[in-house]
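Below are the chains, spelled out letter by letter.
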Amino acid sequence: MAAANRATFFSGAGLVWQWQRLVWWIFMVCLIFGFFSTHGMTERANLLLDHSVAAQRLVNGFDFSAIIMLQQLRDSPLEIHGPPIFHFSALFVAFMLFATGGILAAYVLDEKPTTTAFFEAAGHHFWRFFRLTIYLAIVLLPIAGLAALTSSMHTRIEEQSISPYPGDHFVEAAAVVILLLLIIVRVWFDMAQVIAVADDEKKMHRALRRAFGLLRRNFFSLFWLYLRVSIITWVLFAFGLYIWMFRLGPQPNVAAFLVSQLMILIWLGTRLWQRASEAIWYRNYQANRVPEPAWTPPPAPMYMPVAAEPQA
Amino acid sequence: MRLTKVFVLAASVAICSGPVFSQAPAPTQEAKPTAASADTAAKPLSTRIVAYQIEAKLDPSKHTIAANETLTYKNLTGQPQQTFPFHLYLNAFQPQSTFMTEVRLAGTRGNGPDSEWDPKHFGSITVDKLEVEGAGDLTSKMEFIHPDDNNTEDRTVFQLTLPKPIVPGASVEFHIAFHDVLPKVVERTGYAHDFDMVGQWFPKVGVWWKNAWNCHQFHATTEFFADFGTFDVKITVPQNEIVGAGGDLVSSANNSDGTKTLAYHSEDVHDFSWTASPSFTVVEDSWTGSQGPVKIHLLMSPGHMGSAQRYIDAEKGTLRLFDQWYGPYPYDRITMVDPPHGGTDAGGMEYPTLITLGTSAHMPQGVLAPEIVTEHEFGHQYWYGMVATNEFEEAWLDEGINSYTEVKVMDELYGKNTSAVNYPFVQMSETGLQQSGYFSDPDKDPVASFAWKFINSDSYADITYGKTALVLLTLEKVIGEDTLRQALHTYFMRYRFTHPTGEDFLKTIEEVSGKDLRWYFHQAIYGTQVLDYSLADAHSDPLKWWDGPAHATQKNDKDEVYRTYITVVRKGDFIFPVDVDIQFDDGSTAVEHWDGQDRWVRYRYDRKAKIQSAQIDAHNQIFLDRDPFNNSFTEEPDPRAAHKLRTIWVFASEWLSQLLAWLT
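The rules behind each value
- Residues numbered from 1 in each chain as written.
- Chains lettered and ligands numbered in written order.
- Predicted model: local features only at pLDDT ≥ 70, side-chain atom pairs only at ≥ 80, totals over all residues.
- Helix = DSSP H or I, 4+ residues; strand = E, 2+ residues; numbered from the N terminus.
- Rg over C-alpha atoms; globule rule 2.2 N^0.38 Å.
- Contact = placed C-beta atoms within 7 Å.
- Buried ≥ 20, exposed ≤ 12 C-beta atoms within 10 Å, placed from the backbone.
- Pairing = 2+ DSSP bridges.
- Right-handed = clockwise from strand over helix to strand, strands pointing away.
- Core = buried A, V, L, I, M, F, W, Y, C linked by C-beta atoms within 7 Å.
- Domains from an automatic or database assignment.
- Nonpolar A, V, L, I, M, F, W, Y, C, P; charged D, E, K, R; others polar.
- Axes fitted to C-alpha atoms, helices over the stretch in contact; angles between N-to-C directions.
- Parallel < 35°, antiparallel > 145°, perpendicular 65-115°, else oblique.
- Left-handed = near helix turned anticlockwise from the far one by under 90°.

1. Focus on the overall build of chain B
Check the secondary structure of chain B and you find 14 helices and 33 strands. In terms of overall dimensions, chain B is globule-like: its C-alpha atoms have a radius of gyration of 29 Å, near the 26 Å expected for 664 residues. C-alpha atoms of chain B, sized along the principal axes, occupy 105 × 65 × 55 Å. Counted over contacts in chain B with a minimum sequence separation of 6, partners at least 24 positions apart contribute 70%.

So this is what it looks like as structure tokens:
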């Protein structure tokens, strides 16, 4: 079982690599949205900073007070920045909701994701996945409640203890629990998406029920599959941040840009790795499942002829 | 988070090889008089007007104090005095007090009390009995007064009229029995868990100043003002309590009821505060300055030991630079109190020879908050403790001057560009910190305002702290850094242990610098003008025939002459002389000095070179300039700063997108 799981883990990475054009396309969309969302800010920053000697405070180092001062200016390049980022992020979410069907079709069917096939699958599954997202929001409500409960318990612990550590440790532990719960929820809903694509399941509540059953029966293998990839993501992301912040000097903009984009690429690629691994897992599961005996109609009841009662 | 823990661990290891820690109860040995204290005993440093003797008993379970106070007031006002006002600060923490009214309207420092005003935040001080030597029980004669706002519900000031006046030179003795209910930590005082910070806790007489009694109500943004004298305070607490106080420990004795009584003595100070908690860890250290050794008594709260060495280092560095720059520290001790988590509103406060600090369990090494608060609160030993200005009416004289010296000391100790935040990827200077505050609210109130008359607490903080610091930093350009340092030294030595005014300070600067600086002070201290110069235009064009004789000198293309215009605009109302440095692409330079009187000025050059750059205040000395980004022009654009910002924002935008896409 462990060997099979390991094979799935690596096969998932292989599948992402095999159909890497998906990763690049999504990454490019994300990058373009990123550029669009910051375009206004960049223009104003260029206008204010390009011919200013004071801009060297941001070039030779990164003077945080210069950022605050920029933010406080009437024509601040930072002030206009918030809403576009949120707008484009929402747009990207919609895009991913659409694209997921196409991505999973490629992974589940293991066929080359041609443009036509990709968009057909994406369109075919869009509303199903939209409904799944609504189910997800409902499932997340108790976890949000748990987070709120954690916060209120933290306040109570803080009030009772003169040491900051009990409260801090409680929050750290609660954060780990909530994170693991979120991973479990994602495993469940990703499986429902895989079922929807693999079996062309139209009823999302049925897909969710089947996915839940699979998750329940194969909890550790599926959870470990996701957790491993998540750990790799976090480690690589932290390493990227470390390189960006502590190892790159203040001036090499190109290197900083490349590192930052590599981090986004890692984040995206590993997320698809999780999806691909689960798709492979489901394929294997379907392939290895002992077929249930074919349905045969029960024998027709045999009616014995009953002798007619003599008429009175 | 993990990185922080590594930092904390590293700091803790470093500390363990440093000073001595002990978890033991408060030291019981008698404090040994030092050279400095021996001197002060021989000759008082201040004119001692008051002598307080207080016996207080803390009930740590209820956070209440029962006390008896004897105040001997010496009438040095030069005229008979029959009416005496007293502060009862703890009554500010009542729902209908002036303090709370102002907090609800305009905010306060720190978190302030709950807006819902939870009863556990209530604090109070009640005078149970007031007798005057020779006049008997005058409790019934106490009368609450409200000199600032006529709020009849405010009970932070009362006055007492004696049956007969006290003649000049005579003394009067008040015997006051009172009890305190400490609030949950708010505005520098109160309790949190088993920690009690006891500040502004006893009936304190007002100050006869400018030929009148000065005794303001307690406001949301005001601090304190009192006369110098001596304090003999006996504090009784349970034996497990560790106590720190603003005085020398004279004796300690265990009582049969499980308590102990600690006797403290302090002189040439104008206030006395103390703290108690069984959870403190004591860190002892010392520093020797021009007046002899100074004992550093640090009380650390649980979980904060990672900051202990940082506090000590900052304290020693500050002691050294103040001693070197401004004058000697004459006391033989400094007590530093680190409030526990949940009690941070007791932090960042100054009392004579006792300061409260502030840190957290996971304070990153690159964030110099523990160092800044240590420096700032110690600085108040000079600008408030010894130079005892009126914090109600001229808060800039303590907070503002102190913020300026904070910049100077922090820059010296931790680097000019890294004195507030110091990481390879982000830095912040102390000057930048002050600018960030001031520029957010630059023109609502003048520096010279009564503390409670600012439009809100933000404006109070931004102007009183930030603007004053920047005013003095900018003044360095006019009179020189060394001259200003000398002026501060003169001001300190001349006015220590007195109550100088703002004009005393400004006149000292003028005297030392030998310059009439009224044009500057009028705008910077008494006005709300904002300083903002802008390099509005700079360009070079080849001369044409219609440009006249200069064009005639041009013989061929190599000789092409360019006409360069540089326009400088004064966008703000603050008039300040500026220098404009101009560089041409043949390496030649020009410097123009503009008095800034007009709204704009335009310079013209006909040269065989085009402009390369023009810059107002090229040496970055005008710290009051609200927008340093419009002070210069370079012909060659340098988009690196904008690119860097874009990289960060694109990344943030993409990452947010990726996080949200998790939902799909």
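Still more to cover.
2. As for the overall build of chain A
What chain A contains, in helices and strands, is 11 helices and 0 strands. Secondary structure elements in chain A, listed N-terminal to C-terminal, are α-α-α-α-α-α-α-α-α-α-α. For chain A, with 312 residues in total, the buried portion stands at 33%. The contacts of chain A with a sequence gap of at least 6 include a subset with a gap of at least 24, amounting to 73%.

3. Focus: the pairing of strand β21 (residues 292–300) of chain B
Residues and elements named next belong to chain B. With 9 bridges connecting them, strand β20 (residues 281–289) and β21 associate as antiparallel partners. Considered in β21, the bridge of D285 is made with I296. Where β20 folds back onto β21 in an antiparallel hairpin, the turn is made up of 2 residues. One ladder, built from 5 bridges, connects β21 with strand β22 (residues 333–337); its direction is parallel. Residue pairing in the sheet places H297 in a bridge with T335 of β22. Between the parallel elements β21 and β22, the chain passes through helix α4 (residues 308–325) in a crossover that is left-handed.

4. Details of the pairing of strand β17 (residues 248–254) of chain B
As a general feature of sheets, a regular strand has side chains that alternate between the two faces. Residue and element names in this part refer to chain B. Across 6 bridges, the pairing between β17 and strand β18 (residues 259–269) is antiparallel. Pairing of N254 across the sheet is with K260, part of β18. A loop of 4 residues connects β17 with β18, the two strands running antiparallel in sequence, and G258 in this loop sits at a positive phi of about 85 degrees.

5. Some remarks on the nonpolar core
Grouped together as the largest cluster of nonpolar side chains are 237 residues, with contacts concentrated most on A192 of chain A together with I235, L298 and M336 of chain B. For A192 of chain A, the contacting residues outside a window of four places in its chain are L132, M204, A207, L208 and A211 of chain A.

6. Some thoughts on the domain arrangement of chain B
All names here are of chain B. Its domain assignment divides chain B into domain 1 (1–26 + 243–373), domain 2 (49–227), domain 3 (405–524) and domain 4 (533–642). Each of domain 1 and domain 3 has a C-alpha centre, and these two points are 26 Å apart. On the side of domain 3, 18 residues touch domain 1, which itself brings 12 residues to the contact. Among the secondary structure elements, those contributing two or more residues to the side of domain 1 that touches domain 3 are α4 and α5 (369–379). The leading source of residues in the side of domain 1 that touches domain 3 is α4, at 4 residues.

7. Brief notes about the interface of chain B and chain A
Listed as interface residues are 57 residues of chain B and, on the opposing side, 58 residues of chain A. At 18 residues, helix α14 (residues 640–660) of chain B tops the list of elements feeding residues into the side of chain B that touches chain A. Per-class residue counts for the side of chain B that touches chain A are 27 nonpolar, 23 polar and 7 charged.

8. What about the sheet that holds strand β16 (residues 242–245) of chain B?
Residues and elements named next belong to chain B. Read from one edge of the open sheet, 4 strands run β10-β11-β19-β16, paired in antiparallel fashion. The outermost strands of the open sheet, each flanked by one partner alone, are β10 (190–192) and β16. Averaged over all neighbouring strand pairs, the angle between strand axes comes to 10 degrees, with direction disregarded. Two strands pair when backbone bridges link them, and β10 and strand β11 (residues 195–198) are joined in this way by 3 bridges, in the antiparallel orientation. Among the inter-strand pairings, Y191 is bridged to a residue of β11, identified as D196.

9. Comments concerning the environment of L475 of chain B
Residues and elements named next belong to chain B. Structurally, the position occupied by L475 is in helix α9 (residues 457–479). You can call L475 buried: it has 24 C-beta atoms within 10 Å. Residues L475 and H593 lie 118 residues apart in sequence; the distance between their C-alpha atoms is 17 Å. Apart from the residues lying within four places of it in its own chain, the contact partners of L475 are L484 and Y520.

10. Re the environment of G40 of chain A
Along the chain, the position of G40 of chain A falls in helix α3 (residues 39–49). Of the residues examined, G40 of chain A has 14 C-beta atoms within 10 Å and is grouped as partly exposed.

11. A short note on the packing of helix α7 (residues 399–414) of chain B against α9 of chain B
Residue and element names in this part refer to chain B. The interhelical angle for the contact between α7 and α9, taken along N-to-C directions, is 60 degrees, at an axis separation of 7 Å. Here α7 is positioned oblique relative to α9, judged by the angle of their axes. Between α7 and α9 lies a crossing whose hand is right-handed. Of the residues in α9, those in contact with E399, G400, I401, S403, Y404 and V407 of α7 are T464, Y465, G466, T468, A469, L472 and L473. A per-class count over the contact of α7 with α9 returns 7 nonpolar, 5 polar and 1 charged.

12. Considerations on unusual backbone geometry
Residues and elements named next belong to chain B. The phi torsion at H193 lies on the positive side, around 55 degrees, for a residue other than glycine. Within the element layout of this structure, H193 appears in the loop between β10 and β11. When the 20 C-beta atoms within 10 Å are taken as the criterion, H193 is described as buried. In the Ramachandran plot, D617 falls in the positive-phi region, its phi being about 55 degrees despite a non-glycine side chain. Within the secondary structure, D617 is located in the loop between β32 (611–616) and β33 (632–634). Residue D617 is classed as buried on the basis of its C-beta count, with 21 C-beta atoms lying within 10 Å.

13. Focus: the sheet that holds strand β4 (residues 81–87) of chain B
The strands making up a sheet are joined through hydrogen bonds of the backbone, oriented either antiparallel or parallel. Residue and element names in this part refer to chain B. The 4 strands lie next to each other as β7-β8-β4-β12, forming an open sheet whose pairing is antiparallel. Strands with a single pairing partner mark the edges of an open sheet, and in this sheet they are β7 (143–144) and β12 (204–205). In the sheet, β7 pairs with strand β8 (residues 157–166) via 2 bridges, with the strands oriented antiparallel. By the bridge assignment, E143 is partnered in β8 with Q159.

14. Regarding the packing of helix α10 (residues 481–495) of chain B against helix α11 (residues 502–513) of chain B
Residues and elements named next belong to chain B. Relative to each other, α10 and α11 sit at 130 degrees, their axes nearing to 9 Å. Taken together, the axis directions place α10 and α11 in an arrangement best described as oblique. The crossing of α10 and α11 is right-handed. Where α10 abuts α11, its residues T483, Q486, A487, T490, Y491, R494 and Y495 lie against D504, F505, T508, I509, V512 and S513. Classifying every residue of the contact of α10 with α11 gives 6 nonpolar, 5 polar and 2 charged.

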